[in-house]
Amino acid sequence: MIAVVVPCYNEEEVIDALAVEFEKARQDLSFDVIFVDDGSTDTTGEKLERLSERFGWVKTVTHTANKGIAQSLKDGFSYALEGDYDYIGQMDSDLTHPPTFLQTMRDALGDCDMVVASRYVGAGGMRNVPGWRVALSRAGNLGFRVLLRIGTRDATSGFRLARREVYESLDLEADSFGIQLEITVKTERLGFKIVEVPFVLANRETGRSKFRLRYLFGYVPLMLRLMTARNA
C-alpha cells in the first residue's frame with residue numbers, strides 16, 4: 001500500500017480540484033493521501049475535514065500554527081510510518097505535481113529504493129517557470145552534486161516515492177525547504193538506490209507560490225552540516 005504526504009498551507013483555491021485529480025489517479029493505482037494542514041488561516045482545514053469524512057483514502061494531520069514545509073513533511077512521514085504502508089511518497093498541493101504520474105513512479109521503483117520525478121534527466125524540464133528560478137535551480141543542483149558528491153541530478157525535487165525502509169532509516173534535521181536536499185543526500189549515503197524519471201514541472205496556475213528568495217539562505221547551514229558529516 002502507498003501513502004502520499006501532501007503539505008498544505010492556505011490552499012483553499014486548489015484543494016477541491018486536487019481531490020478530483022487524486023480520484024482519477026486512484027482508478028489505476030491504490031494509495032492513501034496524508035494531507036498535512038500547516039496552520040492554514042483560510043478554509044483549507046475545513047475542506048480537508050470534509051474530504052476525510054467523504055473519502056476513506058484521505059488522512060489528515062493538523063498543525064495549529066504554521067511550522068513550515070520541513071516539519072510538515074516530517075510529521076507526514078511519521079504518520080505514514082505508523083501505518084502499514086509499503087511505500088511512502090510526497091508531492092506538492094498546488095497542482096504542479098499530477099497524481100497520475102504516481103503510476104509512472106511506482107512502475108519505476110523496480111529494484112531501486114527511491115524514485116525522483118526529475119527535471120534534469122532525459123525529457124524532463126520546466127514550463128512557464130520564470131527564467132531566474134530555472135537558472136537558480138540548475139546552478140544549485142549542479143553545485144550540490146559537486147560539493148556533496150551525490151549522483152542525483154534533481155536533488156531538490158519535492159515529488160518522489162520510496163520504500164518505507166528509506167524513511168525508517170532517515171534522521172531528518174532540516175527545518176527549511178532544504179529538507180528535499182537532505183533526503184536525497186542521506187538516502188544516497190545510506191546506500192539506498194535512487195532512480196530519476198523525467199518530469200516536466202509547470203508553473204502553478206492557481207493560487208500563490210509559497211517560494212521566497214529568503215528561503216535559499218536555509219540551504220547554507222544545511223550544506224555545511226552535510227559537508228562536515230561527509231568529511232567526518
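Residues numbered from 1 in each chain as written. Predicted model: local features only at pLDDT ≥ 70, side-chain atom pairs only at ≥ 80, totals over all residues. Heavy atoms only, no water.

Asks: Mind showing me how you'd approach the overall build of the chain here?
Replies: A tally of regular secondary structure across the chain gives eight helices and nine strands. Projected onto its principal axes, the C-alpha coordinates of the chain cover approximately 50 × 35 × 35 Å. Every one of the 232 residues in the chain was classed for burial, and the buried ones make up 50%. The contacts of the chain with a sequence gap of at least 6 include a subset with a gap of at least 24, amounting to 80%. A total accessible area of about 11000 Å² is found for the chain, and carbon and sulfur atoms account for 49% of it. Computed over 29 positive and 33 negative side-chain charges, the inter-centroid distance for the chain is 7 Å. (Helix = DSSP H or I, 4+ residues; strand = E, 2+ residues; numbered from the N terminus. Buried < 20%, exposed > 50% of the residue type's maximum accessible area, 1.4 Å probe, protein only. Contact = heavy atoms within 4.5 Å. Areas by Shrake-Rupley, 256 points an atom, 1.4 Å probe, with all protein chains shown as cover. Lys, Arg positive; Asp, Glu negative; His and termini not counted. Charge placed at Lys NZ, Arg CZ, Asp CG, Glu CD.)

Asks: What is the right way to look at the nonpolar core in this model?
Replies: Here is a general trend for soluble globular proteins: nonpolar side chains tend to be buried in one another's company. Core analysis: the biggest nonpolar cluster contains 33 residues, and F77, M114, L148, Y167, L181 and I183 have the highest contact counts within it. Looking at this core, the elements with two or more residues in it are β1 (2–8), β2 (31–38), α3 (69–82), β5 (114–118), α5 (131–148), α6 (164–169), α7 (179–189) and α8 (219–231). By size, the runner-up hydrophobic cluster in this structure holds 32 residues, among which are I2, L51, M105 and F199. (Core = buried A, V, L, I, M, F, W, Y, C linked by side-chain atoms within 4.5 Å.)

Asks: For this particular structure, what's the right way to read helix α4 (residues 101–109)?
Replies: Residue pairs three or four apart in sequence face the same way in an α-helix, which turns once every 3.6 residues. The set of residues buried in α4 consists of F101, L102, M105 and L109. Taken end-on, α4 shows its buried residues confined to a sector of 105 degrees, consistent with a single buried face. Elements in contact with the buried residues of α4: β1, β2, β4 (87–90), β5, β7 (160–163) and β8 (194–198). Of the residues flanking the end of α4, it is G110, one or two places downstream, whose phi is positive at about 45 degrees. (Arc of directions from axis to C-beta.)

Asks: In this structure, what is going on with the pairing of β1? I would like to understand it.
Replies: Taken residue by residue, a regular strand's side chains alternate between the two faces of the sheet. When you tally the buried positions in β1, you get seven out of seven residues, the bulk of the element. Burial of β1 is two-sided: the residues I2, V4, V6 and C8 facing one way and the residues A3, V5 and P7 facing the other way are all buried. Alignment of β1 against β2, held across seven bridges, turns out to be parallel. Counted as the bridge partner of V5 is I34 from β2. Assessed by its sense of winding, the connection that carries the chain from β1 through helix α1 (residues 15–25) to β2 is right-handed. Bridge count between β1 and β4: four bridges; the pairing is parallel. Considered in β4, the bridge of A3 is made with I88. (Pairing = 2+ DSSP bridges. Right-handed = clockwise from strand over helix to strand, strands pointing away.)

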